[in-house]
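Analysis of the macromolecular model
For reference, the chains in residue letters:
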2 protein chains.
Amino acid sequence: GSSRPMKQTKESPNVGDVMSRDVVTVFEDIPVEKAAKLIISGSFDHLPVVSRDGRLIGIITAWDISKAVASGKPSRIAEIMTRRVHSVRLDEPIELAARTLDTHSISALPVVDREHKVIGMITSNHLSRLLARRR
Amino acid sequence: GSSRPMKQTKESPNVGDVMSRDVVTVFEDIPVEKAAKLIISGSFDHLPVVSRDGRLIGIITAWDISKAVASGKPSRIAEIMTRRVHSVRLDEPIELAARTLDTHSISALPVVDREHKVIGMITSNHLSRLLARRR
Ligand SMILES: C[S@@+](CC[C@H](N)C(=O)[O-])C[C@H]1O[C@@H](n2cnc3c(N)ncnc32)[C@H](O)[C@@H]1O
């Protein structure tokens, strides 16, 4: 009823408030095994792929690596990464990130700056965590 | 302010309202490649592993398959699956599911009935989708 705090509803956070900032990125010429090792050591599912100057050019996930396993293994992530990568900006509302994830049935978005350089990562884990803390 | 609808805050859904019911489960003696194929064909990341009588005994994810790639490949999922699997019940509030995901840094929970049989799956994608639809 009316005695409940409405904080959560009123101040909806932005992507920048929720994202993780320590993102591991990779170049497209690394072997699939190397990408797999990075995913395992970091306990995450997604690796943004960047050009030499740090611009986002793709994404590779544990799912893509499973795909390589399912179909005989290509040697470089360039062969299996997704090039039409969706991304989001720091100052965008989390609802927009959530909608983008939902629309494309994906679970993470690289956060990019104006030069398309990767500055963070926002995942459905970050967003569902907001529900965990709500009461 | 006070003119905002409070619906979302008042009627919080249960796991059963949000989970997916068409879950693919596997036995522990299938090869890793077969698990990878199921994950790819279903577009999901998590496969609950069940005993012959349908009880939950583990979980295998795209992440575990990446781990197999990173470390030389074992032949059966029994060798790489996680046996201490966290699960949730149909009638539990989604906040509990969200907290369990958060606490263990995982992104999906099998939903089990009283006999520990798998009846659904709830993921951080399902939960973040709730934010997408909020306004
Ligand atoms: C720490 S998570 C990180 C990667 C990914 N987000 C995921 O959920 O698999 C990876 C490990 O968690 C395990 N895992 C995933 N869901 C689980 C669950 N419901 N209960 C127990 N372990 C789980 C996987 O088997 C894998 O070994």
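Residues numbered from 1 in each chain as written. Chains lettered and ligands numbered in written order. Predicted model: local features only at pLDDT ≥ 70, side-chain atom pairs only at ≥ 80, totals over all residues. Heavy atoms only, no water.

Once that is clear, we can look at unusual backbone geometry. All names here are of chain B. One non-glycine residue, S105, lies in the positive phi region at around 50°. Phi is positive for H116, close to 70°, though the residue is something other than glycine. Take H116: it is sitting in the loop between β4 (108-112) and β5 (118-123). (Helix = DSSP H or I, 4+ residues; strand = E, 2+ residues; numbered from the N terminus.)

With that settled, the discussion passes to the site of the ligand. Around the ligand, the structure places 17 residues, and the nearest of them are D45 of chain A together with D64, T82, H86 and S107 of chain B. Mapping the residues near the ligand onto chains gives chains A and B. At 2.5 Å, a side-chain N or O of D64 of chain B approaches an oxygen atom of the ligand. With the chains in place, 90% of the 540 Å² that the ligand exposes on its own is no longer accessible. Secondary-structure elements contributing two or more residues to the shell around the ligand are β2 (56-61), α4 (62-70) and β4 of chain B. For the shell around the ligand, a count of residues per class yields seven nonpolar, seven polar and three charged. (Near = heavy atom within 4 Å. Polar contact = N/O pair within 3.5 Å; in protein donor to acceptor, adjacent residues only side chain to side chain. Areas by Shrake-Rupley, 256 points an atom, 1.4 Å probe, with all protein chains shown as cover. Nonpolar A, V, L, I, M, F, W, Y, C, P; charged D, E, K, R; others polar.)

Next up on the list: the nonpolar core. Within the largest apolar cluster, 36 residues are counted, with the highest numbers of intra-cluster contacts made by V26, I60, I65 and I77 of chain A together with I60, I65 and I77 of chain B. Of all the elements in the fold, those that place two or more residues in this core are α3 (32-42), β1 (46-50) and α4 (62-70) of chain A together with α3 (32-42), β1 (46-50) and α4 of chain B. Setting aside residues up to four positions removed in sequence, I77 of chain B forms contacts with V26, F27, E28, I30, P31, V32, A35, V49 and I60 of chain B. (Core = buried A, V, L, I, M, F, W, Y, C linked by side-chain atoms within 4.5 Å. Buried < 20%, exposed > 50% of the residue type's maximum accessible area, 1.4 Å probe, protein only. Contact = heavy atoms within 4.5 Å.)

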